[in-house]
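A closer look at the structure
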Amino acid sequence: MKRGSKHSPEMRARMAEVMRLRSAEISKRTKERMADPEVRQRIREGMQAASDEAAEVKMLRAAWLAASPAARTKFLIELTRAGTDQQ
């Protein structure tokens, strides 16, 4: 065994085998879950929702960039005032 090494070569081999088996089991369970149409549908819906949000953010960014600096400043002041009025 090398100096300063925590595990013997046999122990490292056993640990590697355990990790391979664990990884294979996780992969098998994931494939089984993904075969379920309901799970696939939820994933599809989640990805669609994220895509819709991304489109909204792009529209907001475009509007922000199209606005004049004065309009941006006014908007930010209104936002910060609205936040302090609610408290």
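Before reading on, note that the structure itself is shown above.
Anyway, here's the lowdown on the structure attached to this text. (Residues numbered from 1 in each chain as written. Predicted model: local features only at pLDDT ≥ 70, side-chain atom pairs only at ≥ 80, totals over all residues. Heavy atoms only, no water.)

1. Focus on the overall build of the protein
Applied cut-off: Put simply, DSSP marks the helices as runs of H or I at least four residues long and the strands as runs of E at least two long, and each gets a number from the N terminus on. Only protein chains enter the calculation, and the probe is 1.4 Å; a residue is then buried if its accessible area is under 20% of its type maximum, exposed if over 50%, and partly exposed in between. Reported accessibility uses the Shrake-Rupley method at a 1.4 Å probe radius. Residues are deemed covered only where the shown protein chains occlude them.
Tallying secondary structure elements over the protein gives three helices and zero strands in all. Ordered by position in the sequence, the α and β elements of the protein form the string α-α-α. Seen through its principal axes, the protein has C-alpha atoms that stretch 70 × 45 × 30 Å. For the protein, buried positions account for 1% of its 87 residues. Accessible surface for the protein amounts to roughly 8100 Å². Of this, 59% is attributable to carbon and sulfur atoms.

2. Description of helix α2 (residues 37–66)
For the record, the criterion: Every helix has an expected span of 1.5 Å times one less than the residues it contains. Polar contact is defined as a pair of N or O atoms within 3.5 Å, subject to the rule that within protein one atom must be able to donate a hydrogen and the other to accept it, and that residues adjacent in sequence are counted only when both atoms are side-chain atoms.
Along its 30 residues, α2 runs 44 Å from first to last C-alpha, staying within 8% of the 44 Å computed at 1.5 Å per residue. With a side-chain oxygen lying 3.1 Å from the backbone nitrogen of Glu38, the N-terminal cap of α2 falls on Asp36.

3. Brief notes about the environment of Leu79
Following the sequence through the fold, Leu79 ends up in helix α3 (residues 69–85). Its relative accessible area of 46% is what places Leu79 among the partly exposed residues. Spatially, the C-alpha atoms of Leu79 and Met11 are 61 Å apart, while their sequence positions differ by 68 residues.

4. Here we look at a nonpolar patch on the surface
Our working definition: Two joining distances apply to patches: 9 Å for like charges and 5 Å for nonpolar side chains (Val, Leu, Ile, Met, Phe, Trp, Tyr), and every residue must have over 30% relative accessible area and no salt bridge. Salt bridge, as used here, is a side-chain nitrogen of Lys or Arg placed within 4 Å of a carboxyl oxygen of Asp or Glu.
Among the surface-exposed residues, Trp64, Leu65, Phe75, Leu76 and Leu79 lie close enough to one another that they form a single nonpolar patch of about 490 Å² accessible area. Mapped by element, the contributors of at least two residues to the nonpolar patch are α2 and α3. The greatest single-element share of the nonpolar patch, amounting to three residues, is contributed by α3.

5. Overview of the pattern of salt bridges
Under the defined criterion, the tally for this structure stands at one salt bridge. We note a salt bridge from Glu17 to Arg20, for which the minimum N-O separation is 2.9 Å. Here Glu17 and its partner Arg20 are both found in helix α1 (residues 9–34), three residues apart, which amounts to about one turn of the helix. Relative accessible area serves as the criterion here: at 36%, Glu17 is assigned to the partly exposed category.

6. Examining the environment of Lys58
Looking at where Lys58 falls in the secondary structure, it is placed in helix α2. C-alpha separation for the pair Lys58 and Arg33, spaced 25 residues apart in sequence, amounts to 34 Å.

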